[in-house]
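Chain by chain, the residues run as shown.
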Amino acid sequence: MNSANAHLIQRAGEAVKAGDKRQARALLFQAVKQDTGDYVAWMGLARVAPTPQASLDYARRAARLQPDDPLVKKVLAWAEKQAAS
């Protein structure tokens, strides 16, 4: 993750805390546009996606990039549960 992406992800986290998932999504999309391999940004998108299926798609993308990361596994399990309900 480059420093520009780190800043975007930090701002996205602040937007989520403020209840603005739409802004968080916009910032995270900007981050993945700059670096499609940024699995942290994909995990963030999974958490703020507008639909359970979109959450699952983003979590799967993160899992493809970083399959052994424990947090990625946790987000993927959460997204799978959301999509199944």
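Use the structure listed above.
Anyway, here's the lowdown on the structure attached to this text. (Residues numbered from 1 in each chain as written. Predicted model: local features only at pLDDT ≥ 70, side-chain atom pairs only at ≥ 80, totals over all residues. Heavy atoms only, no water.)

## Comments concerning the packing of helix α3 (residues 39-48) against helix α4 (residues 52-65)
For any two helices packed against each other, one specifies the crossing angle of their axes together with the interaxial distance. Put simply, α3 and α4 touch, their axes get as near as 7 Å, and they point 160° apart. One element, α3, and the other, α4, form an angle in the roughly antiparallel class. As α3 runs across α4, the sense of the crossing is left-handed. Packed against α3, whose contacting residues are Y39, W42, M43, L45 and A46, the element α4 presents S55, Y58, A59, R61, A62 and L65 at the interface. Tallied by class, residues from the contact of α3 with α4 come to 9 nonpolar, 1 polar and 1 charged. (Axes fitted to C-alpha atoms, helices over the stretch in contact; angles between N-to-C directions. Helix = DSSP H or I, 4+ residues; strand = E, 2+ residues; numbered from the N terminus. Parallel < 35°, antiparallel > 145°, perpendicular 65-115°, else oblique. Left-handed = near helix turned anticlockwise from the far one by under 90°. Contact = heavy atoms within 4.5 Å. Nonpolar A, V, L, I, M, F, W, Y, C, P; charged D, E, K, R; others polar.)

## Topic: the packing of aromatic side chains
In the structure shown here, the tally under the stated rule is 2 aromatic pairs. Seen from their ring centres, F29 and Y58 are 6.0 Å apart, and the 80° between their planes marks the pair as edge-to-face. Highlighted residues: F29 in helix α2 (residues 21-34) and Y58 in helix α4, separated in sequence by 29 residues. Accessibility expressed as a relative area gives 37% for F29, which makes it partly exposed. (Phe/Tyr/Trp six-rings, centres within 6.5 Å; stacked < 30°, edge-to-face > 60°. Buried < 20%, exposed > 50% of the residue type's maximum accessible area, 1.4 Å probe, protein only.)

## What to know about the packing of α3 against helix α5 (residues 70-84)
With their axes 10 Å apart at the nearest point, α3 and α5 run at an angle of 25° to one another. When the axes of α3 and α5 are compared, the pair comes out roughly parallel. For the crossing formed where α3 meets α5, the hand is left-handed. Every residue of α5 that contacts α3 at Y39, M43, A46 and R47 is listed here: L71, V72, V75 and W78. Looking at the contact of α3 with α5 residue by residue, the classes come out as 7 nonpolar, no polar and 1 charged.

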